[in-house]
Amino acid sequence: MDASFFDLFDPSPPSGSNSDSDLRNGNEDDEDVGGSNERIDSISQLLSHRTADGSSNELLQKGIDFNRGFLPPEPQLGNIEYKLKLINPSKQRFEHLVTQMKWRLREGNGEAIYEIGVSDSGHLHGLNDADMTVSLQTLNQMARKLDASTSILRRKSLADHRSVVEVLVRKIPDDQHNIEVRVAVLGGADAGKSTLLGVLTQGEVDNGRGLARLNMFRHMHEIQTGRTSCISHETLGFDAEGSVINYKYNEMMTAEEISDRSTKLVTFMDLAGHRRYLKTTVQALSGYCPHHALIVIAAGNISNMTREHLAIIHALDISFSIIVTKIDLAPPEPILFELKNLLTSIGYRKVPYLISNQDDVLNANTHQNVEPIVPIFCVSNVTGAGLDLLIQYLYVLSPGISNAEKERLEQQPIEFQIDEIFRVAEVGTVAGGLLCKGVLTENSQVKVGPLQDGSFFSVTVQTIHRNKAPCRVVRAGQSASLSFNNTAEPMPVLRSGMVILPDYESNEVACGCFFFQAQVSVLFHATRIFKGFQTTVHIGSIRQTAIIEGIMGAGETGIGTNQSASVLFRFVRHPEYVRPGMRILFREGTSKGIGKVTQVFPLKQTDNASTG
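Residues numbered from 1 in each chain as written. Predicted model: local features only at pLDDT ≥ 70, side-chain atom pairs only at ≥ 80, totals over all residues. Heavy atoms only, no water.

- Per an unreviewed UniProt entry, the chain goes by Tr-type G domain-containing protein and derives from Anopheles epiroticus.
- According to the UniProt record, the Subcellular location (unreviewed entry) comment for the chain is "Cytoplasm". (UniProt positions renumbered as here; feature names shortened; annotations may be inferred.)

Overview of the pattern of salt bridges
- This structure, assessed with the given rule, holds 16 salt bridges.
- Here Lys264 makes a salt bridge to Glu111, at a shortest N to O gap of 3.2 Å. With Lys264 in strand β8 (residues 264-270) and Glu111 in strand β2 (residues 111-116), this residue pair connects regions lying 153 residues apart in the sequence.
- In this structure, Arg154 and Asp359 form a salt bridge, with 3.1 Å as the shortest nitrogen-oxygen distance. On the criterion of sequence distance, the pair formed by Arg154 in strand β3 (residues 149-157) and Asp359 in helix α13 (residues 358-367) is long-range, its members being 205 residues apart.
- The exposure class of Arg154 is buried, given its relative accessible area of 2%.
- Judged by its relative accessible area of 4%, Asp359 is buried.
- Salt bridges linked by common partners bring Glu81, Lys83 and Arg104 together as one network. (Salt bridge = Lys/Arg side-chain N within 4 Å of Asp/Glu carboxyl O. Helix = DSSP H or I, 4+ residues; strand = E, 2+ residues; numbered from the N terminus. Buried < 20%, exposed > 50% of the residue type's maximum accessible area, 1.4 Å probe, protein only.)

A few points about the sheet that holds strand β5 (residues 179-186)
- Spatial ordering of the open sheet is given by β7-β6-β8-β5-β9-β10-β12-β11, a layout of eight strands whose pairing is mixed. Of all the strands in the sheet, just β7 (244-245) and β11 (351-354) have a single pairing partner and so form its edges.
- Relative to β7, strand β6 (residues 232-238) runs antiparallel, the two being bridged by two bridges. Opposite Gly237, over in β7, you have Ile245 as the bridge partner.
- Strand contacts of helix α10 (residues 278-288): β5, β6 and β8, with the helix running at about 160° to β5, the strand carrying the most contacts.
- Sitting on the sheet, helix α11 (residues 304-315) is in contact with β5, β9 (292-298) and β10 (320-325), with an inclination near 165° to β9. (Pairing = 2+ DSSP bridges. Contact = heavy atoms within 4.5 Å. Axes fitted to C-alpha atoms, helices over the stretch in contact; angles between N-to-C directions.)

So, unusual backbone geometry
- Look at the link from Gly449 to Pro450: it is a cis peptide, with omega at 0°.
- By the element assignment, Pro450 lies in the loop between β16 (445-449) and β17 (457-466).
- Positive phi outside glycine occurs at Asp147, with the angle close to 60°.
- For Asp147, the location among the structural elements is in the loop between α6 (129-145) and β3.
- The class of Asp147 is exposed, set by a relative accessible area of 64%.
- Backbone geometry places Asn562, a non-glycine residue, at a positive phi of 65°.
- Taking relative accessible area as the criterion, Asn562 reaches 68% and is therefore assigned exposed.

A few points about the sheet that holds β2
- Taking strand neighbours across the sheet as the criterion, the four strands line up as β1-β2-β4-β3 in an open arrangement whose pairing is mixed. Only two strands of the sheet have a single partner each, and these edge strands are β1 (80-83) and β3. Across the sheet, the mean angle separating the axes of adjacent strands is 20° when strand polarity is ignored.
- Pairing of β2 with strand β4 (residues 163-170) involves six bridges; the strand directions are antiparallel. Each bridged residue has a counterpart across the sheet, and for Glu111 the counterpart in β4 is Arg170.
- Relative to the sheet, α13 contacts β1, β2, β3 and β4, its axis offset from that of β3 by approximately 120°.

Remarks on α11
- In this model, α11 (12 residues) spans 17 Å end to end at C-alpha, consistent with the 16 Å of a helix rising 1.5 Å per residue.
- The buried fraction of α11 is high, at nine of 12 residues.
- Those residues of α11 lying buried are Met305, Thr306, Glu308, His309, Leu310, Ala311, Ile312, Ile313 and Ala315.
- A positive phi of about 60° marks Asp317, the residue just after α11. (Expected span 1.5 Å × (residues − 1).)

Quick word on the side chain of Thr429
- Here Thr429 is to be found in strand β14 (residues 428-437).
- Among the residues examined, Thr429 registers a relative accessible area of 14% and is labelled buried.
- Polar contacts involving the side chain of Thr429 include one to the side chain of Arg423, which spans 2.7 Å.
- In this structure, Thr429 is in contact with Ile421, Phe422, Arg423, Leu482, Ser483, Phe484 and Leu494, ignoring residues within four places of it in sequence. (Polar contact = N/O pair within 3.5 Å; in protein donor to acceptor, adjacent residues only side chain to side chain.)

A closer look at helix α14 (residues 387-396)
- Most of α14 is tucked away: eight of the 10 residues are buried.
- Regarding α14, the residues found buried are Leu387, Leu389, Leu390, Gln392, Tyr393, Leu394, Tyr395 and Val396.

Quick notes on the nonpolar core
- Counting residues in hydrophobic clusters, the biggest one holds 42 residues, and the most contacted among them are Phe320, Ile322, Val324 and Leu339.
- Ignoring any residue separated from it by four or fewer positions in sequence, one finds Leu339 in contact with Ile297, Ile302, Ile322, Val324 and Ile376.
- With 34 residues, the next largest nonpolar core counts Phe238, Leu294, Val296 and Ala364 among its residues. (Core = buried A, V, L, I, M, F, W, Y, C linked by side-chain atoms within 4.5 Å.)

Describing the environment of Ala526
- Counting through the fold element by element, Ala526 comes out in the loop between β22 (513-524) and β23 (534-539).
- Judged by its relative accessible area of 66%, Ala526 is exposed.
- In this structure, the C-alpha to C-alpha distance between Ala526 and Gly560, residues 34 residues apart in sequence, is 8.0 Å.

Looking at the pairing of β9
- In terms of burial, β9 is a largely internal element, seven of the seven residues being buried.
- Residue alternation in β9 divides its side chains into two sets, His292, Leu294, Val296 and Ala298 and Ala293, Ile295 and Ile297, and both sets are buried.
- The pairing of β5 with β9 spans four bridges and is parallel. Along β9, the bridge assignment pairs Val183 with His292.
- For β9 and β10, the ladder comprises six bridges, and the chain directions are parallel. Counted as the bridge partner of Ala298 is Thr325 from β10.
- Handedness of the β-α-β unit built from β9, α11 and β10 comes out right-handed. (Right-handed = clockwise from strand over helix to strand, strands pointing away.)

This is the structure in structure tokens:
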């Protein structure tokens, strides 16, 4: 049992590989990359263990390790490009290479990874020092042509004085200050989520008594209990060289300055871990559409709430990583055994990948979109062990949405999903949420709704704030807070789940609905679901109780676990704005299901039909 466990999690290269000659990020050695002189003994033993037969782990057998001598074949899609060499290309060839880089950057939403010295088949041929120098100079010229920057992530030495270099190419979109990645942080109560974010964003380790998490809390009862009850947003920035920009950068640092100084911005959403606040957590995952999720687990055992969060993340098809905290208090081996069994089970079919050095960080990030990899970090918020690897991972983490898809969304009519409502003195009502489509600017004429009768109310967007700083425009995929200017008549009471749409003067009138139809799949139910089943439905920022009014084709038998059907839902309290194609998640206790909306019955149409 021990052999299979260490065989799976050992991230080191197989025997006979030339790992000793590897250069980390140019010239660093393995010990420097570890980043902490206080590594826990059990972690060191765990990471340095070899199997009796010297066999490589499962990930290495799939050929994703940079140290093994080959990579997977070059992917046709995505932001990864292999180049054997870039030496004195002709003018026509150079223009072709620039166009190719532009496409890779679009695929990576402003970030592309170039492997120099690697053939399209993935074999590491390597280049001598002279050819590598010329190839890197050509790559820099290509990047400058697009106003992009380059930075070497790692360099591997091969035989005969040859080497392979991995380069990160980054181009900030012309209409943005930086590249933003939204990361949701989940896990059971007392796992250390808020403490971890406090340490990352404040730049100071915890004192072991919860000092780091105080900056994350928004309410007095959270400070008193130590438990998050609502969504908290924080940011972590990186400059072009990968240096961290947080509140420790200088004494007067603000969120606005962090955003302005950063070329890469990670926006964290600290979500509640207690079951009492599960509905808030699910609503945030559904409404804010995070690019990535961090599942935080305290060394000891995996709680039922953590398993619930994992199931929801998997159902929403969000990529995730796992952070094992408190390794200074308890050894992580029991948790890693549980994670291995859980992630490799039929329900997940994931490959756990324990991160022990910088090469593992880059391997996991590069191939996470190709292989079903789940990176696992072991950290301590008190000693700081493992935090440097997590920070490096966040620096290279990609948003996961191509720039072409982003541009397509920006060209559509605006749709802003309201998730939070605030009352600000001398400002009035402020709505926070996510802009799913379009581009929204100050002084835009919009309509908000639906109200109780399904209608929408016209208002003007007065101010826009992003990352706690004012801005003039917000684009598809960005979260923001909006204030409104409405002097004509009293502002209606807004609620979470409403949407903001363009105020067209045409005959096209938006309307809410009580009834909608969706093609759903039941992930789990203890028995079977029948007509009349009452459940909580999540559609974007919508969270409301709905009743199943009909199950097409199920007859009297209903539907059970792993079965699909077309289902007619009815909202219980008030109408909502729903459109075909939206993802739906419904849950009731341990029962869960997912699906997509296929048909909507607007309130005004149903009223007209009943009147006729």
